[in-house]
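Geometric and topological summary
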Amino acid sequence: MSTVAKLLARKQALLERLESDPGPNERDEIQALLAQIETALNLLEPRDVVGPSDE
């Protein structure tokens, strides 16, 4: 499984946890993790769209 796929799977799991109405502390933690995942996806996706380099 690619890094992007793993991040998307983790994001989906966190979104499902948010839907289960967590407490305020857990909600804050989930939102912080989602922000980290979004940042990682934004850094990885442009390279994945172009494809692997020939380096």
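A brief structural summary. The model shown is predicted, which means the values in this text are computed figures rather than measured ones.

What follows concerns the overall build of the protein. For the protein, the helix and strand inventory stands at two helices and zero strands. Looking at the protein residue by residue over its 55 residues, the buried ones come to 18%. Carbon together with sulfur atoms contributes 53% to the accessible area of the protein, which is approximately 4300 Å² in total.

We now examine the environment of Ile37. Within the element layout of this structure, Ile37 appears in helix α2 (residues 24–50). Taking the C-alpha atoms as reference points, Ile37 and Lys11, separated by 26 residues in sequence, lie 6.8 Å from one another. Not counting the four nearest positions on each side in its chain, Ile37 is found in contact with Leu7, Arg10, Lys11 and Leu14.

Glancing now at unusual backbone geometry. Backbone phi values are negative for most residues with the exception of glycine, while trans is the configuration of most peptide bonds. Although it is not a glycine, Asp21 adopts a positive phi angle of roughly 60°. In this fold, Asp21 is placed in the loop between α1 (3–19) and α2. Residue classification places Asp21 among the exposed residues on the basis of a relative accessible area of 62%.

Turning our eyes to something else, we now look at α1. The periodicity of an α-helix, 3.6 residues per turn, causes residues three or four places apart in sequence to face the same way. Compared with the 24 Å implied by 1.5 Å per residue over 17 residues, the 25 Å span of α1 between its first and last C-alpha is a close match. If you check which residues of α1 are buried, you get Val4, Leu7, Leu14 and Leu18. Viewed along the axis of α1, the buried residues span an arc of 90°, placing them on a single side of the element. Residues Lys6 and Glu19 are exposed on α1 and point more than 90 degrees away from its buried face. Within two residues after α1, Asp21 carries a phi angle of roughly 60°, on the positive side.

Calculation rules
- Residues numbered from 1 in each chain as written.
- Predicted model: local features only at pLDDT ≥ 70, side-chain atom pairs only at ≥ 80, totals over all residues.
- Heavy atoms only, no water.
- Helix = DSSP H or I, 4+ residues; strand = E, 2+ residues; numbered from the N terminus.
- Buried < 20%, exposed > 50% of the residue type's maximum accessible area, 1.4 Å probe, protein only.
- Areas by Shrake-Rupley, 256 points an atom, 1.4 Å probe, with all protein chains shown as cover.
- Contact = heavy atoms within 4.5 Å.
- Expected span 1.5 Å × (residues − 1).
- Arc of directions from axis to C-beta.

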